[in-house]
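Fold and geometry: a report
This is what each chain is made of:
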Amino acid sequence: MFAGPFSESILKRALENQLIQIALHDIRAYTTDRHHVCDGTPYGGGGGMVMKAEPIARAVETVLAHPAGWTLPPQAAFVDLPPWNENAPAVLAADVPVILLTPQGRRFDQSVALELSQHSRLALICGRYEGVDERVRSQLVSDEISIGDFVLSGGELAAMVVVDAVTRLLPGALGDALGAHQDSHSAGTDGLLEGPHYTRPHNFRGEAVPDVLLSGHHAQVARWRREQSLLRTLERRPELLAVAAEKLSKADRDFLSAHGWGSAQEQ
Ligand code: ADE
């Protein structure tokens with residue numbers, strides 16, 4: 001499931017350049033019973049299955065007791081590993097967030113990505129089925145993240161989203177050093193959406209590239225881009241302007257007012 005996204009483009013390059021390491025761990029390999037059972041029926045009845053606490057605890061505590069990048073050798077059974085204390089939680093490093101991906105978590109956005117990018121190591125737990133045993137939350141997890149108000153079949157896609165968004169923030173991950181800085185939602189654009197981009201041909205099906213972009217006048221290009229960014233944010237995500245308000249210049253505010261900002265908000 002992870003092979004595609006991790007073997008393309010930015011992530012592929014970041015892995016090749018050892019800017020990041022990603023180790024995948026199959027929770028099933030951390031079961032000790034013959035049938036490698038990872039889930040059980042819920043106490044109190046009801047439908048669905050609940051992921052068991054022990055295999056997840058064994059996986060997370062064993063992995064974090066090893067250096068980053070370590071994985072269980074192929075075919076190895078968990079029982080082959082050094083003793084694991086069934087009855088007491090391992091002391092986990094305080095600076096390694098143990099993150100459960102769940103629709104109940106705090107909403108992932110660019111500022112959370114930036115926050116996570118400051119850590120040298122992250123543990124991401126992908127839940128499946130109806131949920132995970134609550135003791136995973138109470139004993140193991142330090143953070144819970146949702147990538148949006150919708151329900152995925154499991155945390156894997158959400159984990160890949162987090163890995164991608166965090167990796168591209170690492171210095172050297174993008175070819176263009178300014179790239180991530182100017183993305184929509186980043187601090188570099190003051191929390192505004194990016195404006196339109198154009199490349200050749202000059203005329204596509206009767207629609208020409210705006211003249212200002214061909215003018216060679218850097219200040220005018222910069223002003224035009226700023227205004228397009230403001231306009232796009234006003235049209236699509238006006239609530240972002242309130243957040244960005246303190247970063248807006250007088251010229252920005254006048255431009256927005258002339259395009260109906262303020263009047264709409266007051267209604
Ligand atoms: N697992 C299922 N849905 C999810 C979501 N929206 N975010 C993170 N993890 C999830």
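In this report, the structure presented in the accompanying data block is examined.

How each quantity is defined
Residues numbered from 1 in each chain as written. Predicted model: local features only at pLDDT ≥ 70, side-chain atom pairs only at ≥ 80, totals over all residues. Heavy atoms only, no water. Helix = DSSP H or I, 4+ residues; strand = E, 2+ residues; numbered from the N terminus. Rg over C-alpha atoms; globule rule 2.2 N^0.38 Å. Buried < 20%, exposed > 50% of the residue type's maximum accessible area, 1.4 Å probe, protein only. Contact = heavy atoms within 4.5 Å. Areas by Shrake-Rupley, 256 points an atom, 1.4 Å probe, with all protein chains shown as cover. 1 Å grid on protein atoms, 1.4 Å probe; cavity = no way out; pocket = protein on both sides within 12 Å on 5 of 7 lines; lining within 4 Å. Points joined across faces, edges and corners; volume = space filled by probe spheres on them. Nonpolar A, V, L, I, M, F, W, Y, C, P; charged D, E, K, R; others polar. Core = buried A, V, L, I, M, F, W, Y, C linked by side-chain atoms within 4.5 Å. Pairing = 2+ DSSP bridges. Axes fitted to C-alpha atoms, helices over the stretch in contact; angles between N-to-C directions. Near = heavy atom within 4 Å. Polar contact = N/O pair within 3.5 Å; in protein donor to acceptor, adjacent residues only side chain to side chain. Phe/Tyr/Trp six-rings, centres within 6.5 Å; stacked < 30°, edge-to-face > 60°. Salt bridge = Lys/Arg side-chain N within 4 Å of Asp/Glu carboxyl O.

1. Section: the overall build of the protein
- Assigned secondary structure in the protein consists of 10 helices and 8 strands.
- Taking 2.2 N^0.38 as the reference for a compact globule, 267 residues should give roughly 18 Å; the C-alpha atoms of the protein span a radius of gyration of 24 Å, well beyond that estimate.
- Taken along its principal axes, the extent of the C-alpha atoms in the protein is 70 × 45 × 40 Å.
- Per-residue burial over the protein gives 39% buried out of 267 residues.
- Within the protein, contacts between residues at least 6 apart in sequence are counted, and of these 68% link residues at least 24 apart.
- Surface summary for the protein: the accessible area is close to 16,400 Å², and the carbon and sulfur share equals 53%.

2. Notes on the layout of surface pockets
- Looking at the largest pocket, its volume works out to about 1,200 Å³.
- Lining the largest pocket are 41 residues; nearest its centre among them are I22, A23, L24, H25 and L124.
- When residues of the lining of the largest pocket are traced back to their parent elements, those giving at least two are α3 (53-64), α4 (110-117), β4 (123-126) and α6 (156-167).
- In terms of residue class, the lining of the largest pocket is made up of 28 nonpolar, 8 polar and 5 charged.

3. Side note on the nonpolar core
- Of all hydrophobic cores here, the largest spans 24 residues; its most connected members are F6, L101, F108, L116, I145 and V162.
- The leading source of residues in this core is α6, at 7 residues.
- Each residue touching F108, except ones within four places of it in the same chain, is listed here: A113, L116, I145, S146, I147, V161, V162 and A165.
- In terms of nonpolar packing, the next biggest core, distinct from the first, is built from 18 residues, V60, L64, W84 and L100 among them.

4. Quick word on the sheet that holds β4
- The 3 strands are arranged β4-β3-β6 in an open sheet whose pairing can be described as parallel. The open sheet has two free edges, formed respectively by β4 and β6 (143-146), since each of these has just one partner strand. Each adjacent strand pair in this sheet contributes to an overall mean axis angle of 55°, direction not counted.
- Where strand β3 (residues 98-107) and β6 come together, 5 bridges link them in parallel fashion. Note that in β6 the partner of L100 across the bridge is E144.

5. Thoughts on the site of the ligand
- Taken together, 13 residues lie near the ligand, and T102, I147, G148, F150 and L152 sit nearest.
- The separation between a nitrogen atom of the ligand and a polar main-chain atom of I147 is 3.0 Å.
- In the model, a nitrogen atom of the ligand is placed 2.8 Å from a nitrogen or oxygen of the F150 main chain.
- For the ligand, the accessible surface in isolation is 260 Å², of which the surrounding protein chains cover 97%.

6. What about the side chain of R137?
- Here R137 shows up in helix α5 (residues 134-139).
- With sequence-adjacent residues up to four places away left out, R137 is seen in contact with L100, T102, Q104, V132 and E144.

7. A short note on the packing of aromatic side chains
- All chains considered together, the criterion is met by 1 aromatic pair.
- Ring plane angle 35° and centroid distance 5.6 Å describe the contact between F2 and F6, whose orientation is recorded as tilted. There is no split in this pair, since F2 and F6 are both buried.

8. Quick look at the pattern of salt bridges
- Applying the stated criterion across every chain, the model contains 12 salt bridges.
- One salt bridge connects K250 with D254, and the closest N-O pair in it is separated by 2.7 Å. In this pair, K250 and D254 are both assigned in helix α9 (residues 250-258), 4 residues apart and thus about one turn of the helix distant.
- K250 sits in the exposed class, given a relative accessible area of 60%.
- On the accessibility criterion, D254 (40% relative accessible area) is partly exposed.
- Several salt bridges share partner residues, and in doing so they unite D190, R223, R226, E227 and D252 into one network.

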